[in-house]
Amino acid sequence: MDVTNRLYRMLVLHALGLSSVLVTRVMSTDSKSQPNFVVIMADDLGIGDVGCYGNDILRTPNIDRLAQEGVRLTHHIAAAPLCTPSRAAFMTGRYPVRSGMDNSHRVRVILFNAGTGGLPPNETTFAKLLQQEGYSTGIVGKWHLGVNCESREDWCHHPLSHGFGYFYGTPFTNFLDCKPGAGSNLLVDVAAVLSRINQALALGLLSLVALKLFGLASLGWRPIGCLTILCLLFFISWFSVFGYIRLWNCIAMRDFKVVQQPIQLESFPTRLTHEALAFIKRNQKKPFLLFVSLLHVHTPLFMTKGFVGNSKNGLYGDNVEEMDWHVGQIVNTIDELGLANRTLIHFTSDHGGSIEEIRERLGDCNGIYKGGKGMAGWEGGIRVPGLFRWPGVLTAGRTIDEPTSLMDIYPTLANLAGAHLPQDRVIDGRDLMPLLEAKVRRSEHEFLFHYCGNELHAVRWHPRASDSVWKAHYFTPVFSPNGSGGCHQSGVCPCWGTQVTRHSPPLLFDLSKDPSEVSPLSSESEPDFQGILAEIGAAVEQHRRTLSSVPQQLSWRNILWRPWLQPCCGTFPFCGCHEESGSEG
């Protein structure tokens, strides 16, 4: 009888133990079975602006909390140092050169809502992959990847055509022209080009008149009159547009509808956060993806009551601290709804901070790293914050110093959602979860390639059997690293010609010892100098074989303003609507 009782007790204990294991596995599986994703991307935020990355002046407790409760990446890299190409790479997991979302002329971002360029319809974003897996998908904030192609309502580049089921925000960006009296970004980039075109037309007209007057060509006055009218129309149509830039570009949309034109910047950040919280609450019972694309801290800087004058770093510091408050509202809502253990939160920036916007900034927002936004392959323009919080899955307080990329978000979200990556194209991102969960020690990225436009400026190599991270610069922009001289009035360095310095042999740095890129190595200071450059050169050749010719989305033809593509509430050109109502003004 005793033997029978002992056997019975052993069987019961074994069953209970087995049940406990199964319950644990089920709970673990549930937390990972189509988790929610909240991706928060700041705009132009330098890695040195955040407390958890070493800033001891600005207060960023909510962002710092993500680091304390999650994983902090210290070698997280943007695919480009400018908004449009970086965001295209982020959304597609592919270098922007693969989708035609960068180029080597002066303008390398979308300039008008009414241009024809943008993220190509044949590109598959992570939002589209998740939407196909049953996710509710939403984007709140900045898009800056285009709107239309051929007509005002074909929406070929719009977020809702790229996998998002909900959009509230600006299809463009925050820029100086949106703030009366702040100056202009656009005139710097476009006016000189349009002036040269108008000068060429005028010169052609004068030449024809001279040929006619001196009898050197048998021309009638009719073609000369037609060219005169063409010159006048060109001048009037284009240069009159500059008076309406704020009306054309600074707009807010809900899905396909323009609801505010122009944007009222004073209240726009608060409305974006309200929209983000409402999206979370509407979708809390099912898997969702929310991309919160902040307008902070792109210039012009916001002057929101309650934040102005609160920081120790001027208006720029006020904006960083205000941004942190908005992040806190989102994270707190996730926690209050009991969604923390089922939600992966990622915080980052689209690229480094702009060190040339010295009119409104104080201090060095990119920390120890050289350069900044728009400065090709220097670390300051591409090294960004990378924070991941997922309670119960990711160990709190971990720091990882392995090279990773913003493009890695694409396969990471896709794999967690159970989606299949596209097999008909090269995906440059790598799944981060094995690294974040400490299942592997090394990043999957052996090489990362750094473009300025369509030109390869630098390459990063992390050898499999070494802790070194080598970086070779083939070109570097001509600029003043402290921001006093800079590259260009627009703050964006050209990628070619006399505005770059070509290096033969390339400048070589070991970022593991010299992250500030101060002391380039040579064959005298590095015994394997030639061997390292040879390995990098071979990787470049292999990488180039994976590239194919694609339409250039940011060509002059595609980015210039077309009135028939202009989003408008009301009757064009008399656009205008108030606040959220969308009523015609």
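Before reading further, recall that the structure is shown in the block above.
Residues numbered from 1 in each chain as written. Predicted model: local features only at pLDDT ≥ 70, side-chain atom pairs only at ≥ 80, totals over all residues. Heavy atoms only, no water.

Enumeration over the complete set of coordinates arrives at 17 aromatic pairs. Note on W143 and F164: the rings are 6.2 Å apart at their centroids and 85° apart in plane angle, and the pair reads as edge-to-face. One end of the pair, W143, is in the loop between β3 (136-142) and β4 (166-170); the other, F164, is in the loop between β3 and β4, and 21 residues separate them in sequence. Pair check on accessibility: W143 and F164 agree, each one buried. With a centroid separation of 5.0 Å and 25° between ring planes, the pair formed by W155 and F256 is classed as stacked. With W155 in the loop between β3 and β4 and F256 in the loop between β5 (252-254) and β6 (257-260), this residue pair connects regions lying 101 residues apart in the sequence. With a relative accessible area of 13%, W155 lands in the buried category. One aromatic cluster is present, formed by Y95, F447, F449, Y451 and W461 through successive ring pairs. Its end group placed over the ring of F572, R152 keeps NZ or CZ at 4.9 Å from the ring centre. The ring of W378 carries the charged tip of K370 above its face, separated from the ring centre by 4.4 Å. (Phe/Tyr/Trp six-rings, centres within 6.5 Å; stacked < 30°, edge-to-face > 60°. Helix = DSSP H or I, 4+ residues; strand = E, 2+ residues; numbered from the N terminus. Buried < 20%, exposed > 50% of the residue type's maximum accessible area, 1.4 Å probe, protein only. Lys NZ or Arg CZ within 6 Å of the ring centre and 35° of its normal.)

Pairing is possible between side chains that carry opposite charge, provided their charged atoms lie close to one another. This model, assessed by the stated rule, comprises 23 salt bridges. For E321, the salt bridge is made with R59, and the minimal N-O distance between the two is 2.9 Å. Linking E321 in helix α9 (residues 314-336) with R59 in the loop between β1 (36-42) and α2 (61-68), this pair joins segments that are 262 residues apart in sequence. With its nearest N and O atoms 2.9 Å apart, the salt bridge here joins D424 to R425. Linked by salt bridges that have partners in common, E379, R383, R460, K471 and E517 make up one network. (Salt bridge = Lys/Arg side-chain N within 4 Å of Asp/Glu carboxyl O.)

Counted under the stated rule, the structure contains 5 disulfides. The disulfide that involves C452 links it to C495, with 2.1 Å between the sulfurs. Between C452 and C495, the disulfide has an S-S torsion of -70° and is therefore left-handed. Of the two residues, C452 sits in strand β12 (residues 447-452) while C495 sits in the loop between β14 (470-477) and β15 (500-510), which places them 43 residues apart along the sequence. Across this residue pair, the class does not change: C452 and C495 are buried. Across the disulfide from C568 sits C575; the S-S distance is 2.0 Å. An S-S torsion of about -115° defines the bridge between C568 and C575 as left-handed. Take C568 and C575: they sit in the same class, and that class is buried. (Disulfide = S-S within 2.5 Å.)

The values reported here are purely geometric and, on their own, carry no functional implication.
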